[in-house]
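Remarks on the overall topology
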Amino acid sequence: MHRQNYYREILRIRRVEEEIIRLYPSDKIMSPVHLSIGQEPISVGACMALQPEDVVFGTYRGHALYLAKGGDLRQMMAELFGKVTGCARGKGGSMHLIDLAHGVMGTSAVVGTSIPQAVGYAYALKAQKSKSIVVVFFGEGAMEEGVFYESLQFAALKKVPLIFICENNLYAIHSHSTGRHAQPRHCDRVEAFGIPARRIENNDGEALHDAVTDARNAILKHGAGPFFFEAMTYRWQEHVGPGTDWHLGYREENEISAWKACDPVLKLANELDPDILTRIDAEIQAEIEDAVAFAEGSPFPQVEELYTDVYA
Ligand SMILES: Cc1ncc(C[n+]2csc(CCOP(=O)(O)OP(=O)(O)O)c2C)c(N)n1
């Protein structure tokens, strides 16, 4: 894995979300935001193991995934601003990002819903004997949905070219995972369906990258699949919104220090040449300024568009 690119991709997503935090009080961003700061290594590590023709499905906490898979930053920013140039023509907001040209098939506000869609897509790829795979990302909260188990069952039965990635950030809104699962060993439960499952500790995007690379090879060369990875990670901000939530009392601020200690941004910054770091920072800053200016300068959708792309 190219570590400089890994660093750059993570930093880019973090700077974009820091800009969202900065802009949020201005009310220019027209939708709720579920920030992924802290969790970026998971999307980046996994997506760096994919090819452009592979596709991903995600959740409302989807900025990192959208950007890591190559989603267009201008269109994402315009979508957050509710502008017609946004990736969902300004009607979806932060929770409904999509960029078909780059294999981002969509993100959804409803917990668990993109999982069966990903299985169906992978089933279609298999029928077409395609040389690409599907990766679906979801939180550990989605593992409480019945549809998750139906999806495992069908995906395992049909051996679809799919990788399930559970981003386990320990919390669903304000409740800890241990208070929600009688059997907390998620991988054991998944293995019971006949799906190889592995837990990856410490927000380790590089280990996830290698695991996804191997899984992808096994799928495409040997018809293996599906696979499941539980990637342990941690959300630094509040569940929804631009702030932090330590004051709510459901988690302690000192819990974050261990996660910050394994944050690749700090770790890799110490390893890379300072001149390269400065250049990367400047390039990212310029790209973000351009995307915000694009969003600001774009029009809102016309009233006539209200019912277009509405199916019922
Ligand atoms: C079907 C459904 N049930 C409940 C909700 C409300 N809800 C929104 S986010 C969330 C927590 C999900 O937690 P997790 O899957 O762990 O993802 P995270 O937010 O931690 O990324 C819940 C229950 C919803 N959006 N959809």
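Structure: see above.
Report on the accompanying structure. Note that the structure is a prediction, hence the values are computed from the model and not measured. Throughout, a residue's number is its position along its own chain's written sequence, starting from 1. Predicted model: local features are reported for residues with pLDDT of at least 70 only, side-chain atom pairs are reported and counted for 80 or more only, and whole-chain, interface and lining totals are derived from all residues. The side-chain quantities take in all heavy atoms of the structure and omit both hydrogens and water.

**What to know about helix H11 (residues 274–297)**
A run of DSSP states H or I qualifies as a helix once it reaches four residues; a run of E qualifies as a strand once it reaches two. Both are numbered from the N-terminal end. Every helix has an expected span of 1.5 Å times one less than the residues it contains. Taking 1.5 Å as the rise per residue, H11 with 24 residues should run 34 Å; its terminal C-alpha atoms sit 35 Å apart, in good agreement. In what follows, residue pairs with any heavy atoms lying within 4.5 Å of each other are defined as contacts. The inward-facing, buried residues of H11 abut helix H1 (3–23), helix H4 (73–80) and helix H10 (264–271). In protein, a polar contact requires one atom able to donate a hydrogen and another able to accept it; more generally it is a pair of N or O atoms within 3.5 Å, and residues adjacent in sequence count only if both atoms are side-chain atoms. With a side-chain oxygen lying 2.9 Å from the backbone nitrogen of aspartate 275, the N-terminal cap of H11 falls on aspartate 273.

**Points about the site of the ligand**
Being near a molecule or strand, for a residue, means having at least one of its heavy atoms within 4 Å of it. Not every one of the 15 residues close to the ligand is listed here, only the nearest: Tyr60, Arg61, Gly141, Asn169 and Tyr171. Between the ligand and arginine 61 there is a distance of 2.8 Å, counted from an oxygen atom to a side-chain nitrogen or oxygen. Across the complex, the protein chains shield 72% of the 580 Å² of accessible surface that the ligand would expose by itself. Lys, Arg, Asp and Glu make up the charged group, whereas Ala, Val, Leu, Ile, Met, Phe, Trp, Tyr, Cys and Pro make up the nonpolar group; the residues left over, Gly among them, are polar. Across the shell around the ligand, the residue classes tally to eight nonpolar, four polar and three charged. Working definition of accessibility: Shrake-Rupley area with a 1.4 Å probe, residue cover restricted to the visible protein chains.

**Quick notes on the state of the cysteines**
For the purposes of this analysis, a disulfide is any pair of cysteine sulfur atoms at a distance within 2.5 Å. Under the definition given, this model contains zero disulfides. Cysteine cysteine 87 shares no disulfide, and the gap to the nearest cysteine sulfur, in cysteine 47, comes to 15 Å. When accessible area is computed with a 1.4 Å probe and restricted to protein chains, residues below 20% of their type maximum are described as buried, those above 50% as exposed, and intermediate ones as partly exposed. Residue classification places cysteine 87 among the buried positions, given a relative accessible area of 14%. Not engaged in a disulfide, the cysteine cysteine 166 finds its nearest cysteine sulfur in cysteine 187; these two sulfurs lie 8.4 Å apart. On the basis of relative accessible area, cysteine 166 is assigned to the buried category, the value being 0%.

**Concerning the sheet that holds strand E3 (residues 134–139)**
With parallel pairing, the six strands of this open sheet are ordered in space as E2-E1-E3-E4-E8-E7. Edge positions in the open sheet fall to strand E2 (104–108) and strand E7 (197–200), since each of these has one partner strand only. Strand-to-strand twist in this sheet, taken as the mean axis angle between neighbours without regard to direction, amounts to 15°. Each of strand E1 (55–59), E3, strand E4 (162–168) and strand E8 (227–232) touches helix H2 (residues 40–47); the most contacted strand, E4, lies at about 165° to it. Note on geometry: axes are lines fitted to C-alpha atoms, helical ones only across the stretch in contact, with angles between N-to-C directions running from 0 to 180 degrees. The sheet contacts of helix H8 (residues 205–222) involve E4, E7 and E8, and relative to E8 the element is tilted by about 175°. When DSSP finds two or more bridges between two strands, those strands count as paired.

**Overview of the nonpolar core**
Nonpolar cores are built from buried Ala, Val, Leu, Ile, Met, Phe, Trp, Tyr and Cys residues. Side-chain atoms within 4.5 Å join them into one set. In terms of nonpolar packing, the biggest core is built from 60 residues, with Ile20, Ile163, Ile165, Leu208, Val212 and Phe229 touching the most fellow members. Beyond its immediate sequence surroundings of up to four residues, leucine 208 is in contact with Ile42, Ala46, Ile165, Ile200, Phe229 and Ala231. Counting residues in hydrophobic clusters, the runner-up holds 25 residues, among them Ala122, Leu125, Val134 and Ala155.

**Observations regarding a positive patch on the surface**
Patch membership requires over 30% relative accessible area and the absence of a salt bridge. Like charges are linked within 9 Å, and nonpolar side chains (Val, Leu, Ile, Met, Phe, Trp, Tyr) within 5 Å. For this analysis, a salt bridge means a side-chain nitrogen from Lys or Arg found within 4 Å of a carboxyl oxygen belonging to Asp or Glu. Charge counting follows a simple rule: Lys and Arg are positive, Asp and Glu are negative, and His as well as the terminal groups are ignored. Working definition for charges: the position is that of NZ of Lys, CZ of Arg, CG of Asp or CD of Glu. Positive charge collects at one region of the surface, where Lys126, Lys129, Lys158 and Lys159 lie side by side. Position of lysine 158 among the secondary structure elements: in helix H6 (residues 146–158). Lysine 158 gets classed as partly exposed once you look at its relative accessible area, which sits at 31%.

**Topic: the pattern of salt bridges**
Applying the stated criterion to the full structure yields 22 salt bridges. Here aspartate 281 makes a salt bridge to arginine 15, at a shortest N to O gap of 3.4 Å. Placement of the pair is aspartate 281 in helix H11 and arginine 15 in helix H1, with a sequence separation of 266 residues.

**Some remarks on a nonpolar patch on the surface**
A cluster of nonpolar side chains, contributed by Tyr123, Phe154 and Leu157, occupies part of the molecular surface with about 290 Å² of accessible area. Here phenylalanine 154 is to be found in helix H6. Judged by relative accessible area, phenylalanine 154 falls into the partly exposed class, the value being 31%.

**Considerations on the packing of aromatic side chains**
Only centres within 6.5 Å qualify two rings of Phe, Tyr or Trp (six-membered ring in Trp) as a pair; their planes then separate them into stacked at under 30 degrees, edge-to-face at over 60, and tilted for everything else. Under the defined criterion, the tally for this structure stands at eleven aromatic pairs. Judged by centre distance (5.4 Å) and plane angle (80°), the rings of tyrosine 171 and tyrosine 250 are edge-to-face. Here tyrosine 171, found in strand E5 (residues 171–172), pairs with tyrosine 250, found in the loop between E8 and helix H9 (256–261); they are 79 residues apart in sequence, far enough to count as distant. Following the ring pairs from residue to residue traces out a cluster consisting of Phe138, Phe148, Tyr149, Phe164, Phe193 and Phe228. Remark: a charge is flagged as sitting over a ring if the NZ atom of Lys or the CZ atom of Arg is within 6 Å of the ring centre and within 35 degrees of the ring normal. Arginine 14 extends its terminal NZ or CZ atom over the ring of tryptophan 236, reaching a point 4.7 Å from the ring centre. Taking NZ or CZ as reference, lysine 260 lies 4.8 Å from the ring centre of tryptophan 236, over its face.

Functional significance is not addressed by these values, which are geometric in nature.
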